[in-house]
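As a plain string of letters, each chain reads:
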Amino acid sequence: MKHFELITFTVLVATHGKAMARIQEALQADGIGGQLFGCWYSELGPLNQVAVLRGFDSLEARQAEREHLLLAGNPLGVEEFMTNMRIEDYSLFPFLDGITPGDFGPFYELRVYDVRPSGLKATLDGWTDAVPPRTTDAYSPLAAAFYATNGKTPRIMHLWPYRTLEERLEIRTRTVSDGVWPPKGGPAQLLDMHSTIYLPADFSPLK
C-alpha cells in the first residue's frame, strides 16, 4: 500500500475526545473506503488538531473516498466540532515496504519539511541510505515516511514514535552525535519545517 491521505481537523477547545469518538464510529460505517493507520490528537505544536491517516490500494480508490468524504456534508462525523479541515495526499517513500501497525508510542512526532522544487529526488536518495542505520535497535523505529503529491510546495513528512519525550530528545541528540542522521545532503534540500507531537486515540492502529 503506497497511497495515503492525511486529514487534519482543527476542532473546538476540549472537544478532541468527542471528535475522535465520532471518527471511530464513522470509519466503522458501511461504504467507508481505505485502511486506517492512525488517529491522533496534538499535544505539542499546533493544538486542537486531530489527524487521521488512511491508506489506499490505488489512486482511484483514494479519489473515490475523497469524493465521498467531501460530499457527505459531515466529514467523518465531526462537523459539530471542527473549525477547519485540511486534506493532503502522500505516497510512501519508494524504499519502504509499508506501515506496520503496533504499539510504538505513545508520543508520535509528525514532522513536515518543505523541500526545494528540484530537491525531492536527492532527498529520497539520502533517506534511502540513512534510514537503515537510523532505525536499528540502538535508536528508534520509523512509523512511516512520505512525500506529498498535492499542495503548492514539494514536501516530505515523517512519523517517529517515542516512549517518552525525554527519549525523543536523547535519541535525536545521539543520532546526530553518532553521525547517522541527518541524511547526507538532506539539510541542503530543505526550506522550512514544522513539527507536532501527537498522542494516539485508543482505536488507532499506530499507538
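As shown above, the structure is provided for reference.
Residues numbered from 1 in each chain as written. Predicted model: local features only at pLDDT ≥ 70, side-chain atom pairs only at ≥ 80, totals over all residues. Heavy atoms only, no water.

Moving on, we get to the packing of aromatic side chains. Taken as a whole, this structure holds 9 aromatic pairs when the rule is applied. Their ring planes at 85° and their centres at 5.7 Å tell us that Trp160 and Trp181 sit as a pair that is edge-to-face. One end of the pair, Trp160, is in strand β7 (residues 155-162); the other, Trp181, is in the loop between α4 (165-178) and β8 (190-200), with 21 residues separating them in the sequence. When sorted by exposure, Trp160 lands in the same class as Trp181, which is buried. Ring pairing ties together the aromatic residues Phe93, Phe95, Trp127, Trp160 and Trp181, which thus form one cluster. Positioned above the aromatic ring of Trp160 is the side chain of Arg134, whose terminal nitrogen or guanidinium carbon lies 4.0 Å from the ring centre. We note Arg134 situated over the ring of Trp181; from NZ or CZ to the ring centre the distance is 5.6 Å. (Phe/Tyr/Trp six-rings, centres within 6.5 Å; stacked < 30°, edge-to-face > 60°. Helix = DSSP H or I, 4+ residues; strand = E, 2+ residues; numbered from the N terminus. Buried < 20%, exposed > 50% of the residue type's maximum accessible area, 1.4 Å probe, protein only. Lys NZ or Arg CZ within 6 Å of the ring centre and 35° of its normal.)

Our next topic: the pattern of salt bridges. Following the criterion strictly, the structure yields 14 salt bridges and no others. Put simply, Glu5 and Arg66 hold a salt bridge, and the shortest N to O gap is 3.1 Å. Remark: Arg66 occurs in helix α2 (residues 59-71) and Glu5 occurs in strand β1 (residues 3-11); sequence separation between them is 61 residues. For Glu5, a relative accessible area of 0% gives the class buried. One salt bridge in this structure joins Arg66 and Asp89, with 2.4 Å as the shortest N-O distance. Linking Arg66 in helix α2 with Asp89 in strand β4 (residues 82-92), this pair joins segments that are 23 residues apart in sequence. With a relative accessible area of 11%, Arg66 lands in the buried category. Among the charged side chains, a network of salt bridges with common partners joins Glu5, Arg54, Arg62, Glu65, Arg66 and Asp89. (Salt bridge = Lys/Arg side-chain N within 4 Å of Asp/Glu carboxyl O.)

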